[in-house]
Each structure stands twice: as C-alpha cells, then as structure tokens.
Amino acid sequence: MSQEKLSEFVASAAKEFDVPGVAVGVLVDGREIHASAGVTSVDNPLPVDDKTLFHLASVTKTFTATALMRLVSEGRVDLDAPVRRYVPELELADEDAAARITVLNLLNHTSGLDWNLIDTGEGDGSLAGFVAKMSELQMIAAPGARASYSQAGYNLAGRIVENITGLSFEKAMTSLVLEPAGLENTFFDLDEVFVRRFAAGHNRDQDGTLRPARPWRAWPAGERGNNPGGGVVSSVGDLLRWARFHLGTGEGVLPAEALRRMKEPTVELRGSTLGDAFGIGWFLREVDGVRTIGHGGSGNGQFAELLIVPERDFAVVSLANAGPEGYPFNQDVVRWALAHYLDVAEEDPEPVPFDEVRAREVAGRYENDAMNLDLATDGTRLTLGVGIKPEIRQASDADMPPDHAPAEMGFLPGDGAEYVITEGGLKGQRGFFTRDAGGKVTGVDLAGRLFTRARTAS
C-alpha cells in the first residue's frame with residue numbers, strides 16, 4: 001500500500017475523531033511508512049511529524065520489562081526470586097504477600113497489587129519514595145492467583161533496576177536499553193523533551209472544547225515514581241525502531257532466547273480486549289488467526305498504541321493527542337493497517353439480546369483505588385460509566401481526564417460472565433464478571449483491571 005493511502009486514511013480518521021494531532025507508522029516488507037496530520041497543540045500549533053514526541057504512558061512497560069530481562073540474562077536477577085531479594089525495604093499491607101511476590105509476578109501483572117498509588121503525599125518524588133508508600137496500597141488477590149493490570153507493580157520493578165545497577169532508573173534504562181537499541185529520540189527526562197518538538201495532550205470540556213492538558217504527563221514534573229510504569233516519551237520513528245528490535249535477535253541488549261521468552265504466554269487473560277494472555281511486558285493476542293504482541297498507553301490527553309505481528313515482520317504505531325477520542329482513533333488505525341497490509345480482519349463480538357435479570361444482577365458500583373465504575377439498567381438496556389473518584393479529583397491540583405459517560409454494553413454468548421461495550425469512547429472494550437463461591441457477582445474486569453463491587457451499590 002502506498003504512502004498516499006495511509007496518509008489519506010490517517011487525515012480522514014483524525015478529522016472524524018476530532019483529534020488535533022496524530023502520528024502513525026507502519027513497518028511492512030522491511031520498509032517504514034509514516035503519516036502525520038494536525039498540530040502539536042491547539043494553543044501553540046506546530047505540524048506533527050514522525051519525530052514529534054508523544055508521552056507513551058504504559059507502553060513504557062515494554063521498555064522496563066526489557067531492562068529487567070537484560071538483568072536476568074546477565075544473571076543479576078532471577079525471575080522466580082522474591083522481590084525482597086532485590087528490594088529488601090519493601091513493605092506492603094499484607095506481609096505474607098510482600099514476602100512472596102516474585103519478579104515475574106510484577107512483570108506479568110499477577111502480583112495481586114491494586115492499580116496504583118494515587119497520592120504519594122509530600123516527598124521527594126523519587127522512585128524510592130514511591131516504594132516506601134506502597135504499604136498503603138490495597139491487595140486485591142494473593143500473589144500469583146490472578147492477573148490484574150498494575151502500574152504500581154511495574155514501578156516496583158523499576159526499583160529493582162535501581163537497586164541492582166546503583167543508578168537512577170532513568171540512567172539505568174538509557175545504558176541498559178535505550179542507547180544499545182539505537183533509540184535516539186526516546187527519553188524520560190523532560191529537559192530532553194522540551195528542547196524538541198512535542199505534542200501536548202488535550203482533554204475536552206463539557207461544551208466539547210478541546211484544551212491542552214496539564215500536567216503534561218499524568219503527574220507533575222519532578223515526580224519520578226511512575227516512570228517505570230508510564231514515563232517514557234518517544235516518536236513514531238523510534239517506536240518503529242523499537243518494534244524492529246523486538247522482531248530481531250536482541251543484539252546488543254538481550255540474547256535471542258530472552259527476547260523470545262518475552263513473547264511467550266505466562267498467564268491467560270479472560271474476556272479482555274487487551275489480549276488473550278500476558279507475556280513478559282507484552283499483551284499477547286490472536287487476531288483472525290494471526291498472533292500479535294502489543295501494548296497501549298493512555299496519559300493525560302495522550303494515547304499510544306504499538307502492535308507487532310512477529311510472524312509477518314509487521315508493526316503499526318499510532319499516537320494521538322486528545323482524549324478520550326485518541327483511544328478509538330488508535331484502534332481504528334490498527335484495524336485498518338491489519339486489514340490493508342496483512343488482510344487480517346478484527347471485528348468486535350456481537351452481544352446477545354438484553355436480559356433484564358442478568359442486568360439487574362450485575363448493576364451497581366464497582367471500584368478500584370482510583371476510579372468508580374457504575375453499571376445501571378432502566379429495564380431496556382445495561383450501561384457502564386467510568387469516572388475518577390470525586391474525592392481524588394477534588395483533592396488534585398492537576399487537570400484530570402473527563403469521565404466516560406454511561407455507554408451501552410451487552411453480555412456475550414456463553415455463561416453470561418463476559419461482556420462488550422457497544423458505544424462511546426470505550427466501544428469494543430471487553431471484560432468479565434467474577435463471582436464468589438455462592439455465585440454472587442463480586443467484581444468486574446475492565447481494561448485488564450479488577451474493580452471490586454462496593455458494599456453499598458449506588
């Protein structure tokens with residue numbers, strides 16, 4: 001497919017989703033194709049190009065996992081060892097869990113740690129300071145019992161990197177991964193970012209007006225505690241280079257066997273849009289009979305998506321600077337690229353007809369440490385709304401993304417545990433309900449994260 005067709009599609013999709021600036025890259029048949037549209041910021045506009053820097057948010061986890069695997073391959077870290085071997089200062093709410101969590105539990109999200117620490121309080125903003133606060137974080141399961149996506153777990157993994165290397169996480173990442181992989185346009189340090197062209201995130205006011213998001217990342221400048229789970233900044237060009245690295249032999253960073261191991265399933269995922277399983281740092285997903293690895297990221301008004309098809313030496317990168325529309329824009333780009341370059345079709349599953357009994361059984365409030373998830377039914381349909389907890393939003397000095405308004409969802413065929421969202425900014429997201437031994441619904445998974453049913457539903 002030509003550069004022209006990709007550019008036409010990207011420009012049209014950016015207009016459809018009303019995203020100010022986007023950058024897309026495709027690696028196919030050994031060559032790279034780039035397409036950009038729009039501007040870096042509605043307030044201070046510059047054209048977006050393949051070198052424009054975007055905050056990649058959780059795509060960072062693929063970098064952190066690669067650094068840990070390098071330390072594993074060098075014999076400096078054991079994946080099956082308890083984290084406390086390398087972070088003896090670790091304290092958690094559950095002492096047994098603190099002693100049992102392994103390095104692999106962090107890298108494949110089976111640690112049992114909740115999503116993240118939301119407010120680390122007054123401190124130095126360091127990763128050590130973040131870890132020192134982890135005793136405040138709720139445990140949602142025993143280590144190894146189930147997968148639930150955890151930013152805190154990856155931040156803790158970053159502390160392993162610091163303690164083993166004796167360097168700051170950011171300096172260690174540069175020497176372990178970024179420099180040897182040839183990533184010259186990938187950074188953690190905002191001083192490096194702000195002397196280059198970068199995209200500003202945007203959130204939408206209630207009247208639909210887009211405004212630049214503050215802080216630029218999802219946390220204030222100087223706060224480094226979330227860098228291992230979501231701090232990296234990069235461009236389409238460098239992300240395609242990162243994809244080439246993971247399609248290669250690991251030269252200069254990892255043995256080929258360690259690189260291959262990252263792409264192998266370590267724990268299955270049920271009913272998740274993110275994938276069928278976690279590898280090490282990657283979501284593993286089969287699309288139309290083709291195996292893929294990938295990771296997405298959502299920051300403050302910025303969204304990133306990286307998908308790799310190892311057996312076809314193919315990759316697609318999509319970056320967008322507005323929320324929540326950046327997410328569906330990226331999903332459309334990935335689907336278009338798979339269809340047009342590989343003849344691989346991805347389609348959302350069809351829900352079964354509305355069932356009022358099932359709907360009333362699951363209706364109520366579910367929550368994790370940061371967000372409320374509300375399921376409601378009016379007797380004709382079931383809706384799901386997601387919002388940041390009001391007390392967290394009120395206490396924060398930073399702008400926060402808008403909540404997701406209630407959107408229709410439906411149960412999928414089978415035992416009634418799995419569902420799909422059929423409209424809105426989360427359209428296509430899948431998840432499932434969990435039950436206790438008596439059959440009562442106790443939780444719901446969305447975007448790989450467990451939300452526990454509140455004691456008093458609203």
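Look up: the structure comes first, before these words.
Residues numbered from 1 in each chain as written. Predicted model: local features only at pLDDT ≥ 70, side-chain atom pairs only at ≥ 80, totals over all residues. Heavy atoms only, no water.

Draft legend 1. Looking closely at the sheet that holds strand 1 (residues 21–28). The 8 strands lie next to each other as 2-1-12-11-10-9-8-7, forming an open sheet whose pairing is antiparallel. At either margin of the open sheet sits one strand with a lone partner, and together these are strand 2 (31–38) and strand 7 (267–268). Bridge count for strand 10 (residues 290–298) against strand 11 (residues 303–309) is 6 bridges, and the pairing is antiparallel. The partner of Ile 293 across the bridge, within strand 11, is Ile 308. Here helix 1 (residues 3–17) sits on the sheet in contact with strand 1 and strand 2, set at roughly 30 degrees to strand 2. (Pairing = 2+ DSSP bridges. Helix = DSSP H or I, 4+ residues; strand = E, 2+ residues; numbered from the N terminus. Contact = heavy atoms within 4.5 Å. Axes fitted to C-alpha atoms, helices over the stretch in contact; angles between N-to-C directions.)

Draft legend 2. View of helix 6 (residues 151–165). Here helix 6 is 15 residues long and its end C-alpha atoms lie 22 Å apart, about the 21 Å a rise of 1.5 Å per residue gives. Of all the 15 residues making up helix 6, 12 are buried; the element is thus mostly covered by neighbouring parts of the structure. All of the buried residues along helix 6 are Gln 151, Ala 152, Gly 153, Tyr 154, Asn 155, Leu 156, Ala 157, Gly 158, Arg 159, Ile 160, Val 161 and Glu 162. On the buried face of helix 6, the contacting elements are helix 2 (60–73), helix 4 (103–107), helix 5 (127–132), helix 7 (169–178) and helix 9 (227–230). Downstream of helix 6 by one or two residues, Gly 166 has phi in the positive range, about 75 degrees. (Expected span 1.5 Å × (residues − 1). Buried < 20%, exposed > 50% of the residue type's maximum accessible area, 1.4 Å probe, protein only.)

Draft legend 3. Inspection of the sheet that holds strand 17 (residues 418–421) at higher detail. Spatially, the 8 strands close up into a barrel ordered 13-14-15-16-17-18-19-20, and their pairing is antiparallel. Going across the sheet, the axis of each strand differs from the next one's by a mean of 30 degrees, ignoring polarity. Where strand 19 (residues 441–446) meets strand 20 (residues 449–453), 4 bridges bridge the pair, whose relative direction is antiparallel. Opposite Asp 445, over in strand 20, you have Leu 450 as the bridge partner.

Draft legend 4. Here's a closer look at unusual backbone geometry. A cis amide bond links Arg 214 with the next residue in sequence, Pro 215, at an omega value of 0 degrees. You can see Pro 215 is positioned in the loop between strand 5 (210–212) and helix 9. The omega torsion across Gly 323 and Pro 324 is 5 degrees, close enough to zero to call that bond cis. Its place among the elements puts Pro 324 in the loop between strand 12 (314–320) and helix 12 (326–342). The phi angle at Asp 343 is positive, at roughly 60 degrees, despite the residue not being glycine. Considering the arrangement of structural elements, one finds Asp 343 in the loop between helix 12 and helix 13 (356–362). Overall, Asp 343 belongs to the exposed group, its relative accessible area being 68%.

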